[in-house]
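Chains, contacts and geometry: an overview
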Amino acid sequence: ESKRLHLDNVLGEPCANASLAYPPTSHVTWSPHAIPFQKPQSLLSFSYSPSRLLEFSDSAMWYYVEPPGGADLQHGYDRWIRRPEEKGRIDGLLRGIAKIGSDKEKRGESSTTWLRDVGMVSWRGVMTKILTAPYEERDPWELNIMLLDGTLYFEEYISDAKIREKNNIPPKQRIQMYYGYSFESFCTSDRPPDPRGRMPGWGGDVDTNVQWCCVAKTKLADTRMIIGGEVDCVRERFDGTTDNFVELKTSLTIRGPQDEPRFEKKLLKFYFQSFLLGVPEIIVGFRTPSGRLTTLQEFKTLQIPRMVRDKPGSWDPQLCLGWGSRFIAFLKENVSSPPTQDVPCIWRASFTPKSGVTLKPLDQSGVDEVVNGEDRFGFFPSWYINGFMA
Ligand code: 0WD
Ligand code: CA
């Protein structure tokens, strides 16, 4: 409590609650003008090993191969090594940022100056949630936000109750989740495809600890951002750009016109997820309810908005970008830094579907809950802060 008082005093004004509402999406005319979004540029890639160690290599990178027709997506279900659900920590991305900094230092540059131009840092999944919020009708979300050296850092806030819930999903839903991972295994190989026509097949048992991640820089309106995200595989080879990245998805086979609007709403999330990391291609495996692969469809990410335009369940990506840039401007206006180097100030943004976002500073008990007894300054691991002070 005393820390909180200290904070208010130094700032000269209390950290007040604030809220941002957006107009209903039926008023599509709201989007005033086009919001530019810069093509993401890859800065670094890294891998998580089966023991969940982060290594600066591409050992977890996969190559795309065409999956066998009619594949059984339940294959290997009982051998699935499932990573336990965890807090939406930003640590892995910060490790990537620190590595980019140390590589710069080796070239005689400063390790942190380049971050001065960066307005925000986030996992891609968080940005997807932010940008698609205007069309979200069901799922709320909460973010923890901190300002460090002029840069906003986001992490998803996942309560302990929510983690327990995610670790105890009913078997029926669990198997549906698995279909997505097993599709990935059928579509990937640890070697580039054999030009003489290697027989497609199972790429290996699913271990969700293993991930290949890319850190990219981009810019939304005037805000430069660093975004990290998981990349499913590459076509042919990885050339250091995002141009060969491929996102893999599964979806229930569309059986009639009544299924189409639902799929088009899903495409909104597919679109922004890939768009944000510069992934140019999304391959959707359609499946039966019991997990039999029926057909494949390849989508060029940038063409998706045009495909859904004027259809039932359609959406406007410009509205999302407009909302996203307003959201960031709103945070820049309201989120303040800790007044001294030793007091963390975590802000909590809470999104309520069809309503908007409220923002408030966490009091000490909220901060304690986020820190969770770990060696942290707010949600930052202490080593990251130390690198900044050096
Ligand atoms: O554990 C968590 N609750 C979270 C973990 C929340 C947010 C992020 N992360 C981790 C991810 O596991 C990854 O290491 O952050 C990193 C980057 O994730 P991202 O690319 O920002 O995540 P997102 O775009 O939401 O999801 C990409 C993929 C998913 O693929 P599909 O096709 O389903 O969108 O990451 C995987 C999943 O395969 N993924 C997860 N896997 C296991 N547990 C989780 C999770 N909780 N979240 C995403
Ligand atoms: Ca995927």
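Residues numbered from 1 in each chain as written. Chains lettered and ligands numbered in written order. Predicted model: local features only at pLDDT ≥ 70, side-chain atom pairs only at ≥ 80, totals over all residues. Heavy atoms only, no water.

As for the side chain of R89
- Tracing the chain through its elements places R89 in the loop between β4 (63-64) and α2 (91-106).
- With a relative accessible area of 14%, R89 lands in the buried category.
- One polar contact links R89 to E155, side chain to side chain, over a distance of 2.8 Å. (Helix = DSSP H or I, 4+ residues; strand = E, 2+ residues; numbered from the N terminus. Buried < 20%, exposed > 50% of the residue type's maximum accessible area, 1.4 Å probe, protein only. Polar contact = N/O pair within 3.5 Å; in protein donor to acceptor, adjacent residues only side chain to side chain.)

Digging into the pairing of strand β13 (residues 281-287)
- With 7 of its 7 residues buried, β13 lies for the most part within the structure.
- Burial along β13 is two-sided: E281, I283, G285 and R287 and I282, V284 and F286, pointing in opposite directions, are all buried.
- Where strand β12 (residues 245-252) and β13 come together, 7 bridges link them in parallel fashion. Counterpart to V246 in the pairing with β13 is E281.
- Summarising the sheet, β13 and strand β14 (residues 293-300) pair through 7 bridges and their orientation is antiparallel. In the strand pairing of β14, R287 is matched with L293.
- Here β13 folds back onto β14, and the loop between the two strands holds 5 residues, one of which, G291, carries a positive phi near 90°. (Pairing = 2+ DSSP bridges.)

Description of the packing of helix α6 (residues 260-276) against helix α8 (residues 317-334)
- Where α6 contacts α8, the two axes come as close as 12 Å, and the packing angle between them is 55°. It follows from the interaxial angle that α6 and α8 lie oblique. For the element pair α6 and α8, the recorded crossing hand is right-handed. Contact residues: L268, Y271, F272 and F275 in α6; P317, C320 and L321 in α8.
- Looking at the contact of α6 with α8, its residues break down into 7 nonpolar, no polar and no charged. (Axes fitted to C-alpha atoms, helices over the stretch in contact; angles between N-to-C directions. Parallel < 35°, antiparallel > 145°, perpendicular 65-115°, else oblique. Left-handed = near helix turned anticlockwise from the far one by under 90°. Contact = heavy atoms within 4.5 Å. Nonpolar A, V, L, I, M, F, W, Y, C, P; charged D, E, K, R; others polar.)

Quick word on the pairing of strand β15 (residues 347-352)
- Taken across its 6 residues, β15 has 5 buried, putting it largely inside the fold.
- Across 5 bridges, strand β6 (residues 141-148) lies against β15 in antiparallel orientation. Paired with I145 across the bridge in β15 is W347.
- Sheet analysis places β15 next to strand β16 (residues 356-361), joined by 6 bridges and oriented antiparallel. Opposite F351, over in β16, you have V357 as the bridge partner.
- Here β15 folds back onto β16, and the loop between the two strands holds 3 residues, one of which, K354, carries a positive phi near 65°.

Quick look at the coordination of the calcium ion (ligand 2)
- Within the protein, the atoms that donate to the calcium ion (ligand 2) are E184 (OE), D232 (OD), E247 (OE) and L248 (O), at distances of 2.3 to 3.0 Å.
- Taken in chain order, the donor set of the calcium ion (ligand 2) reads E-x47-D-x14-E-L. On the criterion of sequence distance, the pair formed by E184 in helix α5 (residues 171-186) and E247 in strand β12 is long-range, its members being 63 residues apart. (Donors = N, O, S within 2.8 Å, 3.2 Å for Na, K, Ca; no water.)

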